[in-house]
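Commentary on secondary and tertiary structure
The lines below spell out each chain.
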Amino acid sequence: MEVPILKQGHYLIASIQSALTDADLSQLREALIERVGRFRARGVIVDVTALDVMDSFAVRTLRDIAHMARLRGADTVIVGIQPEVAFAMVQLGLTLKGVATALDLEEGLAFLNQQGEGRLEDRRPPGGRIDRG
Amino acid sequence: MATKAKEAPPLPQDPLAHTESTAALLRELVAHLRQNRTQLREEWARRITRAQLLTAMTEEEIFAEATSVYDNYVEALETGTFEALQAYARNLSERIIPRGVETHEVVGIVLLLRDVLARSLFGKYHEDFDKLNRILDAYEPAANRVANTVAVGFVQERERIIRQQQEAIRELSTPVLQVRERLLILPIIGVIDPQRARQLTEQLLRAIRTNRAKVVVIDITGVAAMDSNVANHLVQTVEASRLLGATVIVTGLSPEIAQTLVTIGVDLSEMATVGDLQGGIEEAERLLGYKVLPLEDLAPKP
Amino acid sequence: MADELRLPIAADVDVVQARQQGREVAANAGFTSGDQTVIAAAISEIARNILMYAKRGEIVLSVVANGDRQGVVVIARDQGPGIRDIARALQDGYSTSGGLGLGLPGAKRLMDEFELTSAVGQGTTVTMKKWRRLG
């Protein structure tokens, strides 16, 4: 099942609608990275609200998306991780280290906007991000 | 052989015959206990009061319960089935545990009943020592099983209630407080076991979502110690909160807990810590974009 | 056992199917949604392992009772190449596939019981259980 990717200003928003197979996830990664270049996007939001499980493959794919987007000039934020999903993830040892997360789409957009300002004003990013590397 | 000659009276040849005679003796016993019901249960109730058992109950209540226990007791002796007695013991326990009746009291009263009944058997059969012996042989195992059933029923009910109360206390003792928009405080007090730690995490993660919290201060000033399992769990809670988009600040780490965290190799760059709750809230407000001015900045400089 | 659910694993859609079925079985057995998620995640990991190393195999789901506990039992079976070094396969970060190396050790952490038997050239069986107290 293909994940729809919307373009809004400088941002790309991928909102996952249902459970994804590994192939779906890989396809999402390729589509997003290709579009970051094509649209010269500054930010990427992946909305995972609809996912009721995230295993190591899903987390690795999200991490790859964030790192590859960064290399192509865009910040990524993962939004909508459900409480139960988050708890199972940390027990699995999947903490999405170095990848920004936010509560929902609205928060994700606010985060990307702040990131943009931050670049101009050389300010540290606010909470919700533990990437101190 | 020499040893064989010394053996006690031979066992009955037919085990069935033995059972039958036991059954007959129990029937006789039950008839005796029914006949003397009024007098024996009064004697029993008197002894309960004298031994200062069931002090939480009035004399009328003791007498009423004594009557029920007596009848159930006799019935269990008669039928050899203990389900009814078990159910009664559970029901009795349910009623008396909230009133503070202790395990030793319940064990005490069933042992007293056993003794009262045994004495009355002595009285009835003291002329015929052989008969008395056989009656006691039939009575004792049944009586012990009755005592056991009641005591175990009581303890099980008590444990069930304790478990229930522990649940309730757990829920109460893990308040997630919203102190201002987008800021939650979770003050943890007492001992954290793995089950409570789990419950705490689930509650906190749900609260982050429903309150749209951006910063959480977990204050563990009230936690004296935690083992490495619970410490790991704390780290997982911090990580899971971040996955929901919230930053966690941990405050009030005791030297012992700090030691535990260092020992298990927690990545401290992943966990924001501030000395005390006050400082934690200030840091949280800073993250939320509120400006906190120290008092000395407001006071005129010397 | 009568209520055994056998799910063939031969493609990545089967992995999704297996974890969804696992969640349903856990839900019917009265597990909390948190535990359902944990069980589904563990199934996802071992089902993917089958796909990655053995190409095909099966997941068998069932519910057992044991005194005052009830449990979900997940068995993952394949006739693949087997695991040469089981101890290492259960170590965090060890992977021969270029993955995160969290599949087996992660699933082990999520569940209450975890048992792995494997013979090189013959295949691998993982049996894992999650318990819940009744009453």
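See above for the structure.
The text that follows walks through the structure, step by step, so that each part is easy to find.

The rules we used
- Residues numbered from 1 in each chain as written.
- Chains lettered and ligands numbered in written order.
- Predicted model: local features only at pLDDT ≥ 70, side-chain atom pairs only at ≥ 80, totals over all residues.
- Heavy atoms only, no water.
- Helix = DSSP H or I, 4+ residues; strand = E, 2+ residues; numbered from the N terminus.
- Buried < 20%, exposed > 50% of the residue type's maximum accessible area, 1.4 Å probe, protein only.
- Contact = heavy atoms within 4.5 Å.
- Areas by Shrake-Rupley, 256 points an atom, 1.4 Å probe, with all protein chains shown as cover.
- Phe/Tyr/Trp six-rings, centres within 6.5 Å; stacked < 30°, edge-to-face > 60°.
- Lys NZ or Arg CZ within 6 Å of the ring centre and 35° of its normal.
- Pairing = 2+ DSSP bridges.
- Axes fitted to C-alpha atoms, helices over the stretch in contact; angles between N-to-C directions.
- Expected span 1.5 Å × (residues − 1).
- Buried area = accessible area lost by both parts, 1.4 Å probe.
- Salt bridge = Lys/Arg side-chain N within 4 Å of Asp/Glu carboxyl O.
- Polar contact = N/O pair within 3.5 Å; in protein donor to acceptor, adjacent residues only side chain to side chain.
- Core = buried A, V, L, I, M, F, W, Y, C linked by side-chain atoms within 4.5 Å.

Across its full length, chain B holds 12 helices and five strands. By residue count, 42% of the 302 residues in chain B fall in the buried class. The contacts of chain B with a sequence gap of at least 6 include a subset with a gap of at least 24, amounting to 74%. Counting only carbon and sulfur atoms, one obtains 54% of the accessible surface of chain B, whose full area is about 16900 Å².

What follows covers the packing of aromatic side chains. Using the criterion set out here, one finds zero aromatic pairs over all chains in the structure. One residue, Arg69 of chain C, lies across the ring of Trp131 of chain C, its end atom 4.0 Å from the ring centre.

Residues and elements named next belong to chain B. Strand order in the open sheet formed by five strands is 1-2-3-4-5, and the pairing between neighbours is mixed. The outermost strands of the open sheet, each flanked by one partner alone, are strand 1 (177-180) and strand 5 (272-274). With strand direction ignored, the average angle separating the axes of adjacent strands in the sheet is 30 degrees. By the bridge criterion, three bridges tie strand 4 (residues 247-251) to strand 5 in an arrangement that is parallel. By the bridge assignment for strand 5, Val250 is matched with Thr273. Packed on one face of the sheet, helix 8 (residues 194-211) meets strand 1, strand 2 (183-189) and strand 3 (215-222) and runs near 165 degrees to strand 2.

Right, let's talk about helix 1 (residues 22-39) of chain A for a bit. Its 18 residues give helix 1 of chain A an end-to-end C-alpha distance of 26 Å, which sits within 8% of 26 Å, the value for a rise of 1.5 Å per residue. Along helix 1 of chain A, the residues that are buried comprise Asp22, Asp24, Leu25, Ser26, Leu28, Arg29, Ala31, Leu32, Ile33 and Val36 of chain A. Buried-residue contacts for helix 1 of chain A involve strand 1 (5-8), strand 2 (11-15), strand 3 (43-47) and helix 2 (56-71) of chain A together with helix 1 (12-28) and helix 2 (33-54) of chain C. Looking one or two residues beyond helix 1 of chain A, the residue adopting positive phi is Arg40 of chain A, at roughly 50 degrees.

Time to look at the pairing of strand 5 (residues 123-133) of chain C. All names here are of chain C. Pairing between strand 3 (residues 69-78) and strand 5: 10 bridges, direction antiparallel. Bridge pairing links Arg77 to Thr125 in strand 5. The sheet contact formed by strand 4 (residues 113-119) and strand 5 spans seven bridges and is antiparallel. Opposite Ser118, over in strand 5, you have Thr124 as the bridge partner. Connecting strand 4 to the antiparallel partner strand 5 that follows it, the hairpin turn spans three residues, and Gly121 within it adopts a positive phi of roughly 85 degrees.

Once that is clear, we can look at the interface of chain B and chain A. Taken together, the 22 residues of chain B in the interface contact 27 residues of chain A. Together chain B and chain A conceal approximately 2400 Å² of surface at their shared face, both sides included; 55% is due to carbon and sulfur atoms. If you sort the residues of chain B by the area they bury against chain A, Arg209, Arg242 and Leu243 of chain B come out on top, with a joint share of 33%. Linking chain B with chain A are five salt bridges. Of the charged contacts in the structure, one is a salt bridge between Glu107 of chain A and Lys214 of chain B, with a shortest N-O distance of 3.3 Å.

At the junction of the two partners, chain A supplies 19 residues and chain C supplies 23 residues. Taking both partners together, chain A and chain C bury about 1800 Å²; carbon and sulfur atoms supply 57% of that area. The largest per-residue losses of area from chain A upon contact with chain C belong to Val53, Gln91 and Leu92 of chain A, which jointly make up 30% of the total buried on that side. The tally of links from chain A across to chain C stands at four salt bridges. In this structure, Asp55 of chain A engages Arg19 of chain C in a salt bridge whose closest nitrogen and oxygen atoms are separated by 3.7 Å. Across the chain A-chain C interface, the total number found is 12 residue pairs in polar contact (both at pLDDT 80 or more). Secondary structure elements with two or more residues in the side of chain A that touches chain C: helix 1, helix 2 and helix 3 (83-92) of chain A.

Take the sheet that holds strand 1 (residues 5-9) of chain C next. All names here are of chain C. Strand order in this open sheet of five strands is 1-2-3-5-4, and the pairing throughout is antiparallel. Looking along the sheet, the strands with just one partner apiece sit at the ends: strand 1 and strand 4. Shown here is a sheet whose adjacent strand axes are inclined to one another by a mean of 15 degrees, direction ignored. Sheet strands touched by helix 4 (residues 103-110): strand 4 and strand 5. Its angle to strand 4, the strand with the most contacts, is close to 150 degrees.

Judged by nonpolar contacts, the single largest core of 103 residues is most densely connected at Met54 and Ile81 of chain A, Ile208 of chain B together with Ile59 of chain C. Tallying contributions element by element places helix 2 of chain C first for this core, with 10 residues. If we ignore the near neighbours within four places in the chain, the residues touching Ile208 of chain B are Leu103 of chain A together with Leu184, Ala213, Val216, Ser241, Leu244 and Ala246 of chain B. Counting residues in each nonpolar core, the second largest holds 48 residues, with Val30, Leu85, Leu117 and Tyr139 of chain B among its members.

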